[in-house]
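Examining the three-dimensional arrangement
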Amino acid sequence: QVQLVESGGGLVQTGGSLKLSCAFSGGTFGNYAMAWFRQALGKEREFVAAISWSGAATYYTDSAKGRFTISRDNAKNTMNLQMDSLEPEDTSVYYCAAVKGAASGWKYPHSVSSWGQGTQVTVSS
């Protein structure tokens, strides 16, 4: 059974940076594409970024392009999200996810086979 544990959330000022990490266990990490989603208070969960099994392909929502970088280390069973130039609108709970199916579907919650418990990111203005 796949288990995902996020870390690295916290409070940061506008323009600051945070690095989120996701630790994977209970399966073969290299068999899974991975993604980050986020959910702000009172809003639906939304896609942030995804990365292919090998790490060769990455995908971002428009608001994350140029500011966030997704990466993975298959030797360490970890995935990261480097977030720079953070804005108050980035305040959310961030979730690590193992996703399945074609890459075109990874941005949809229905493609997620396993979720982490989430980590809070708060950006103060």
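Since the model is a prediction, treat every value here as computed from it, not as a measurement.

Overview of the overall build of the protein
- Assigned secondary structure in the protein consists of 0 helices and 11 strands.
- Overall, the protein shows an N-to-C arrangement of helices and strands of β-β-β-β-β-β-β-β-β-β-β.
- Against the globule reference of 14 Å for 125 residues, the protein gives a C-alpha radius of gyration of 13 Å, in line with a compact fold.
- Once the C-alpha set of the protein is aligned to its principal axes, its extents read approximately 40 × 25 × 25 Å.

Thoughts on the pattern of salt bridges
- For the structure shown, the criterion picks out 4 salt bridges.
- The closest approach of N and O atoms between Arg 38 and Asp 90, which form a salt bridge, is 3.0 Å. Taken together, the positions of Arg 38 in strand E4 (residues 33–39) and Asp 90 in the loop between strand E8 (78–83) and strand E9 (92–99) put the pair 52 residues apart, joining distant regions of the chain.
- Residue classification places Arg 38 among the buried positions, given a relative accessible area of 5%.
- Accessibility expressed as a relative area gives 1% for Asp 90, which makes it buried.
- Sharing partners across several salt bridges, the network here consists of Arg 38, Glu 46, Arg 67 and Asp 90.

What counts and what doesn't
- Residues numbered from 1 in each chain as written.
- Predicted model: local features only at pLDDT ≥ 70, side-chain atom pairs only at ≥ 80, totals over all residues.
- Heavy atoms only, no water.
- Helix = DSSP H or I, 4+ residues; strand = E, 2+ residues; numbered from the N terminus.
- Rg over C-alpha atoms; globule rule 2.2 N^0.38 Å.
- Salt bridge = Lys/Arg side-chain N within 4 Å of Asp/Glu carboxyl O.
- Buried < 20%, exposed > 50% of the residue type's maximum accessible area, 1.4 Å probe, protein only.

Remember, this is a structural readout, not a statement about activity or role.
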